[in-house]
Protein chains: 2
Amino acid sequence: MSLIIIGTVAFDAIETPFGKTEKIVGGAATYASLAASYFYNKCKIVAVVGDDFKKEDIDGLNDHGIDTEGLQVKAGEKSFFWSGKYHNDMNSRDTLITELNVLENFDPIIPESYQDCEYLMLGNLTPQIQQTVIKRLKNRPKLIVMDTMNFWMDIMMDDLLETIKMVDVLTINDSEARQLSGEYSLVKAAKKILTMGPKYLIIKKGEHGALLFQGDQIFSAPALPLAEVFDPTGAGDTFAGGFIGYLAKVGTINFNNMKNAIIYGSALASFCVEEFGTARLLNLSEEEVSGRIQEFVKLSAFTIEA
Amino acid sequence: MSLIIIGTVAFDAIETPFGKTEKIVGGAATYASLAASYFYNKCKIVAVVGDDFKKEDIDGLNDHGIDTEGLQVKAGEKSFFWSGKYHNDMNSRDTLITELNVLENFDPIIPESYQDCEYLMLGNLTPQIQQTVIKRLKNRPKLIVMDTMNFWMDIMMDDLLETIKMVDVLTINDSEARQLSGEYSLVKAAKKILTMGPKYLIIKKGEHGALLFQGDQIFSAPALPLAEVFDPTGAGDTFAGGFIGYLAKVGTINFNNMKNAIIYGSALASFCVEEFGTARLLNLSEEEVSGRIQEFVKLSAFTIEA
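Residues numbered from 1 in each chain as written. Chains lettered and ligands numbered in written order. Predicted model: local features only at pLDDT ≥ 70, side-chain atom pairs only at ≥ 80, totals over all residues. Heavy atoms only, no water.

Chain A is annotated in an unreviewed UniProt entry as Sugar kinase from Pedobacter changchengzhani.

Given below as structure tokens:
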């Protein structure tokens with residue numbers, strides 16, 4: 001049994017008010033699998049890079065026990081590259097460069113050893129690629145979590161809706177939920193989106209936390225108020241990876257475990273933003289993670305007698 | 001012992017995407033005292049109206065046991081009048097009319113019977129008037145809560161800072177906290193503001209809930225996700241009134257009780273926005289209030305084993 005994460009593995013060059021990086025390893029699958037690896041030890045990724053990606057670039061993943069058999073390395077091609085600059089408030093950014101490179105013809109090949117997939121995380125990619133992965137798995141995974149973004153709503157809504165129909169959990173941010181549903185109220189938006197296929201919807205609100213919807217149930221998760229956000233890159237992917245990694249660990253899918261999974265995902269995301277790129281995610285101790293979880297408990301607990 | 005609430009008692013004319021009202025009774029002290037009256041039965045207001053304010057306009061307050069001895073009625077003058085129109089998203093509004101009228105020369109007279117004041121809510125008014133009320137109380141109240149807004153930061157920051165120095169709890173929204181402190185991060189903003197005098201800071205984030213800061217402690221309170229916000233007018237004042245009313249009821253000021261007070265204030269605010277003006281606040285049953293509180297408990301509770 002395993003957790004498969006599909007998404008980008010890429011180079012990023014990031015500029016924030018605190019400094020800037022050269023090309024560093026990034027990508028949704030990188031962040032998500034590192035996060036998941038803190039809770040579950042059978043994480044496998046499906047992704048593609050060029051031969052500019054060196055063995056040592058992959059070491060960080062392998063050191064975390066992440067299976068990279070499904071990571072295709074394309075000879076003579078270059079890896080996906082993204083460069084961006086964050087504004088002073090860290091809530092908005094300009095994309096400076098996007099070079100699709102190997103991503104342009106990405107055909108997600110599923111190694112035979114991945115066919116034991118029980119948990120599937122579809123990181124943000126074209127809806128067609130996400131769908132192809134589902135179809136290439138001989139058995140439908142027990143849980144499929146899908147991340148997506150406004151870009152696909154703008155240019156290929158039909159494909160997106162078709163893929164959304166096939167998943168169990170959809171994670172999007174608040175403005176994407178509004179765009180997808182055409183409803184301003186997030187409660188109304190969620191109600192509509194839950195008729196499109198997914199049983200669970202997570203609406204990410206950045207520094208305002210996240211909302212989980214299932215049927216008529218709602219859970220509101222806080223975000224940890226941070227004195228300094230050093231680099232927000234990958235926080236959403238880290239959240240999703242921590243979320244599904246925790247669920248893979250506990251093995252039972254229900255609303256209560258989803259709530260906890262959101263707290264675990266949020267905790268890892270709160271680490272992610274403390275340094276550039278994946279730096280902070282590479283070497284977290286068990287104590288650091290459980291300490292951060294306790295901060296979330298303290299942050300939102302109150303006791304009112306019924 | 002009593003809870004004194006100072007603020008506006010006024011006429012409002014409100015337009016939302018759902019409809020519009022004639023002149024209806026509004027004002028910060030109206031909303032706050034109605035909210036507080038659900039938890040504490042010795043609420044007294046200090047405010048001023050003109051003689052366009054009729055006995056039946058005050059009945060709503062008196063029916064809730066609110067003492068209006070400190071409500072001055074100015075013969076030959078008109079009450080404060082505000083008219084506004086909310087946009088489709090309900091998060092922004094245009095002020096159409098502001099007529100200060102009686103408010104222009106408001107001298108807050110404290111009746112002798114109010115000198116038993118133990119809890120003081122300074123609703124949004126000029127910092128000078130707020131300060132005058134503190135000075136006219138012979139004994140410093142056990143708890144002073146102050147609400148204010150960006151307008152006073154723009155035009156009379158010095159007076160504002162002087163008044164802030166005298167209070168225990170300051171309630172402002174996130175953009176006001178940033179303006180007051182010059183810090184974007186709310187954690188840094190709070191740290192700075194807590195050196196200005198108040199022991200507690202509440203940062204209101206509207207549909208994203210509220211944050212409570214004291215020393216190094218932070219509490220993140222959720223907002224109830226609502227399918228429909230009918231009229232947001234007075235929600236902040238209702239929150240503040242419910243907050244201090246609950247504290248007056250329990251009588252002990254500490255971080256844990258403040259957390260509960262924020263939940264109670266939020267619950268009443270969530271009722272407030274369900275109808276125009278104070279309509280929903282006039283006739284809440286005990287069951288409705290306790291049911292709403294339980295919704296907040298359910299909304300944010302999770303159980304992670306340590």
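**Examining helix H9 (residues 255-272) of chain B**
Residues and elements named next belong to chain B. Selection rule: Under the scheme used here, helices are H or I runs from DSSP no shorter than 4 residues and strands are E runs no shorter than 2 residues, and both carry numbers assigned from the N terminus. A helix is expected to span 1.5 Å for every residue after the first. Partly exposed describes any residue whose relative accessible area lies between the buried limit of under 20% and the exposed limit of over 50%, with all areas from a 1.4 Å probe on protein chains only and scaled to the type maximum. Polar contact criterion, stated in full: a pair of N or O atoms within 3.5 Å, where within protein one must be able to donate a hydrogen and the other to accept it, and residues adjacent in sequence count only if both atoms are side-chain atoms.
Helix length check: H9, at 18 residues, gives a terminal C-alpha distance of 25 Å against a target of 26 Å (1.5 Å per residue), a fit within 8%. The buried count for H9 comes to 17 of 18 residues, which makes it a mostly enclosed element. The backbone nitrogen of Asn 256 lies 3.2 Å from a side-chain oxygen of the residue at the head of H9, namely Asn 254.

**Observations regarding the environment of B:Glu99**
Residue and element names in this part refer to chain B. What counts, and what does not: In this description, contact between two residues means that some pair of their heavy atoms is separated by no more than 4.5 Å.
Within the element layout of this structure, Glu 99 appears in strand E8 (residues 93-99). Separated by 88 residues in sequence, Glu 99 and Phe 11 place their C-alpha atoms 9.9 Å apart. Apart from the residues lying within four places of it in its own chain, the contact partners of Glu 99 are Lys 78, Ser 79, Phe 80 and Phe 81.

**Quick look at the sheet that holds strand E5 (residues 43-50) of chain B**
Residues and elements named next belong to chain B. Test applied: Whether two strands pair depends on DSSP finding at least two bridges between them. Note on geometry: axes are C-alpha line fits, over the in-contact stretch for helices, and angles between N-to-C directions span 0 to 180 degrees.
The nine strands are arranged E6-E5-E1-E9-E10-E11-E12-E13-E14 in an open sheet whose pairing can be described as mixed. Sheet topology places strand E6 (67-74) and strand E14 (217-221) at the edges, where each strand pairs with a single neighbour. In this sheet, neighbouring strand axes are inclined to one another by 15° on average, regardless of whether the strands run parallel or antiparallel. Pairing analysis gives five bridges linking strand E13 (residues 210-214) to E14, with the strands arranged antiparallel. Bridged to Leu 212 within E14 is Phe 219.

**Observations concerning the relation of the copies chain A and chain B**
Heads up, the rule is: We superpose the copies by least squares over the C-alpha atoms of residues that have a pLDDT of at least 70 in both of them.
Superposing chain A onto chain B requires a rotation of 180° together with a translation of 0.0 Å along the rotation axis, leaving an RMSD of 0.0 Å. Classification of the inter-copy transformation places it as that of a two-fold axis. Using C-alpha coordinates, one finds that chain A approaches the rotation axis most closely at A:His208, a distance of 3.0 Å. Take the interface residues of chain A: 97% of them recur as interface residues in chain B, which is what a same-surface contact looks like.

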